[in-house]
Amino acid sequence: MITTTFNAIPGASSFARQITDGYQWLRFDTELEGPYRQQQAQLAYSRIRIQWMVFFVIALLSMVIDLLWLPDDSCRINWVIRLTGLGLPALAVVLASFWNRFAQMISSIAFISAIIIVLALASTWLLPLSQQLVTPVAPLFILTFFIWFFAELSFRQAIIAGLLLSSVTLVGRLVVGDVIAWDVQNLILLTLANVLAAVAAYQLEYGKRTTYLKAGLLNELAERDGMSGLYNRRMLESHLARIWRQAMRDDVSLAVALVDVDYFKAFNEHYGHQKGDDVIRQVAVALAGAEKRPFDMVARYSGQCFAVVWYASQRQMVESLAETLRGEVKELGIRHALSCIDRCLTVSVGVSITRPEERHSVRELLDLAEVALDQAKDDGRDAIKIRHLDC
C-alpha cells in the first residue's frame, strides 16, 4: 500500500522503486547500495571486535586440545599452523577494530583473515593422514558456522570462504592419498552444512535489506507530502533553520519563494477535486527542477501553495529563477476556464530575500514572502513580487 502510493507521485522514492524492482541477488541500485554497505559496516564495527576476540580464544584453546590429541611431532607442526594461520589473522582483526582509521576497511580485513584461516585449518587435514590418525572434523564445522554468522562477512564473501573451505579440504585429501569412506562422509556433511548456512544467511541478509528499505521509505514518507511528493512544511522549516545558520557563517543571501496556484478554489469546484489533485502533482513536477544546488529545496507549503528555497542567490538571479517557475507552470497548458487572467493555469510568486543576521529570523523571512505573495495577487495575479527583509 505504501509503495503504491509513493510510486504514484512525482520523483518516486528510490526506496519504493527498489522494493518494486526487487533485490533477489542481494544487491541494490547504485544510489542505495553504497549507503547500505556503509550503514552495515558501521553496525558491524561495533560487533566485530567481540566476535573475532572470541574466535581468537577458541583458536588458542584448539592448540591446547592438540596437545592431548596429536603426537609430539604433529603437535609442533599444528601449533605453528594454528598460531600463524588462525591466531594471528584473528588477532589482526581484533587490533584493527580499535583504530577508527580502519573502520571503512574492517570488512576487507575480516575477509582476508577469514581466507587465511580457511587455508590454514584445511591444511591441518594433511598432517593426521600421514600419521594414520582420524582427523577431527568438528573444527571445520565450527569455522563454517563462524564464517557465515559471526565473521561479519558479506553474503558473497561468506560464499567464497565456505566454498574454499570445502574444496581445499577435499583437494588436500586427494593429493596426499586415498580418500576413505569416513572422509567422504564428513566432506559431504561439511558441504551440506555450508548449503544450510548459505540458505539461512541469505534469508538474514534479505531481511536486513528489506528492513533498510522500509525504514528509508517510512522516513521519506514522514518528511514528504503524500500528494505532491515534495518535502512537507515541517521539513521546510527545519531545513530553513539549519541553512539560516549556515548562511550566517558563509555570509551569503537566502531567498524563499512562495508559489500559489491562481484561482485554485474555482478550478477545484469547476473540474472536481480529482482534477485539482492532478494539478497539484503536475505543478509539483514543474517546480521540482528549481532545486539546483544541495541547499536548495522545493516543498509544499499549504493547499495550493508551494515554497522554494534558494541558497546564496542574489536578487537578479532570484528574479530570473522566479520568472522561470512562473513560465514552467504556464507551459503546462492546463486549461482553467474560470481564471480571470488567462485560459490556462497560472501562478503568483512572492519572494523574500535577505542576508541572514542574528536580529532577523526564519519566521520573518517566511512572513515577508507571504506579504510579497499577497502583493502579487493584489496586482492581478500571474505576477512576481520580491521583497528584501532588510528594507
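Details of the structure are given in the entry above.
In what follows, the accompanying structure is described. These figures come from a predicted structure and were not determined experimentally.

**Some thoughts on the environment of Val349**
No. 1: Within the secondary structure, Val349 sits in strand β4 (residues 347-354).
No. 2: For the pair formed by Val349 and Arg381, sequence separation is 32 residues and the distance between their alpha carbons is 8.5 Å.

**As for the nonpolar core**
No. 1: Ranked by size, the top nonpolar core spans 38 residues in total, and within it Trp52, Leu143, Ile147, Trp148 and Leu153 carry the most contacts.
No. 2: Elements that contribute at least two residues to this core include exactly α3 (30-69), α4 (72-96), α5 (106-123), α7 (138-149), α8 (155-176) and α9 (181-223).
No. 3: Among the elements that take part in this core, α5 stands out by supplying 10 residues, more than any other.
No. 4: Apart from the residues lying within four places of it in its own chain, the contact partners of Ile147 are Val118, Leu153, Ala158 and Ala161.
No. 5: Counting residues in each nonpolar core, the second largest holds 29 residues, with Leu230, Phe264, Val279 and Leu287 among its members.

**Section: the packing of aromatic side chains**
No. 1: One pass over the full model with this rule turns up 17 aromatic pairs.
No. 2: Between Tyr23 and Phe28, the ring centres sit 5.5 Å apart and the planes meet at 80°, which makes this aromatic pair edge-to-face. For the pair Tyr23 and Phe28, one class covers both residues: buried.
No. 3: Following the ring pairs from residue to residue traces out a cluster consisting of Phe15, Tyr23, Phe28, Tyr36, Trp148, Phe155, Tyr202, Tyr206 and Tyr212.
No. 4: Its end group placed over the ring of Tyr231, Arg224 keeps NZ or CZ at 4.2 Å from the ring centre.

**Re the environment of Tyr271**
No. 1: Here Tyr271 is to be found in helix α11 (residues 264-271).
No. 2: Sequence separation of Tyr271 and His336 is 65 residues, and the distance between their C-alpha atoms is 8.8 Å.
No. 3: Once you skip the residues sitting within four places of it in the chain, Tyr271 turns out to touch Arg335, His336 and Ala337.
No. 4: Among the polar contacts made by the side chain of Tyr271, one reaches the main-chain amide nitrogen of Ala337 at a distance of 3.0 Å.

**Here we look at a nonpolar patch on the surface**
No. 1: Taken together, the side chains of Ile50, Val54, Ile58 and Ile142 make up a nonpolar region of the molecular surface, amounting to roughly 350 Å² of accessible area.
No. 2: If you tally residues by element for the nonpolar patch, the top one is α3, at 3 residues.
No. 3: Summarising the element assignment, Ile50 is placed in helix α3.
No. 4: Exposure remark for Ile50: the relative accessible area of 57% places this residue in the exposed category.

**Description of the sheet that holds strand β1 (residues 254-261)**
No. 1: Sheet architecture is open: 5 strands sit in the order β2-β3-β1-β4-β5, paired in mixed fashion. Two strands lie at the open edges of the sheet, namely β2 (297-302) and β5 (384-388), each paired on one side alone. The mean angle between the axes of side-by-side strands here comes to 20°, regardless of whether they run parallel or antiparallel.
No. 2: Lying on the sheet, helix α10 (residues 233-250) is in contact with β1, β2, β3 (305-311) and β4; it crosses β3 at an angle near 20°.

**Some details on the packing of α10 against helix α14 (residues 362-378)**
No. 1: Their axes nearest at 10 Å, the elements α10 and α14 cross at an angle of 120°. Judged by the angle between their axes, α10 and α14 are oblique. Contact residues: α10 offers Arg233, Glu237, Leu240, Ala241 and Trp244, while α14 offers Val362, Arg363, Leu365, Leu366 and Glu370.
No. 2: Looking at the contact of α10 with α14, its residues break down into 6 nonpolar, no polar and 4 charged.

Basis of the calculations
Once a new chain begins, its residue numbering starts again from 1 and follows that chain's sequence as written. Thresholds applied to this predicted model are a pLDDT of at least 70 for local features of residues and 80 or more for the giving and counting of side-chain atom pairs; totals over whole chains, interfaces and linings are not thresholded and use all residues. Hydrogen atoms and water are omitted, and side-chain values are computed over all heavy atoms in the structure. The secondary structure listing takes helices from DSSP runs of H or I that are at least 4 residues long and strands from runs of E that are at least 2 residues long, numbered from the N terminus. To define a nonpolar core, start from buried Ala, Val, Leu, Ile, Met, Phe, Trp, Tyr and Cys residues and group those joined through side-chain atoms within 4.5 Å. Think of it in three bands: with a 1.4 Å probe and only protein chains considered, a residue is buried below 20% of the maximum accessible area for its type, exposed above 50%, and partly exposed in between. By definition, residues are in contact when any of their heavy atoms lie within 4.5 Å. Side-chain rings of Phe, Tyr and Trp (the six-membered ring for Trp) are treated as a pair once their centres are within 6.5 Å; stacked means planes under 30 degrees apart, edge-to-face means over 60, and tilted covers the remaining angles. Counting as a charge over the ring demands two things of the Lys NZ or Arg CZ atom: a distance within 6 Å of the ring centre and an angle within 35 degrees of the ring normal. Any N or O atom pair separated by 3.5 Å or less is treated as a polar contact, with the protein-specific requirement of one donor-capable and one acceptor-capable atom, and with residues adjacent in sequence counted only for side-chain atom pairs. Surface patches are defined over residues having more than 30% relative accessible area and no salt bridge, joining like charges when they lie within 9 Å and nonpolar side chains (Val, Leu, Ile, Met, Phe, Trp, Tyr) when within 5 Å. Only the protein chains shown count as cover for residues, and the accessible areas themselves come from Shrake-Rupley with a 1.4 Å probe. What counts as a salt bridge is simple: a side-chain nitrogen of Lys or Arg found within 4 Å of a carboxyl oxygen of Asp or Glu. Here the rule is simple: two strands pair whenever DSSP picks up at least two bridges between them. For helices, the fitted line uses only the C-alpha atoms of the stretch in contact; every axis is such a line through C-alpha atoms, and the angle between N-to-C directions lies from 0 to 180 degrees. Convention used here: angles under 35 degrees read as roughly parallel, angles over 145 as roughly antiparallel, angles from 65 to 115 as roughly perpendicular, and any remaining angle as oblique. Classification used: nonpolar for Ala, Val, Leu, Ile, Met, Phe, Trp, Tyr, Cys and Pro, charged for Asp, Glu, Lys and Arg, polar for all others including Gly.

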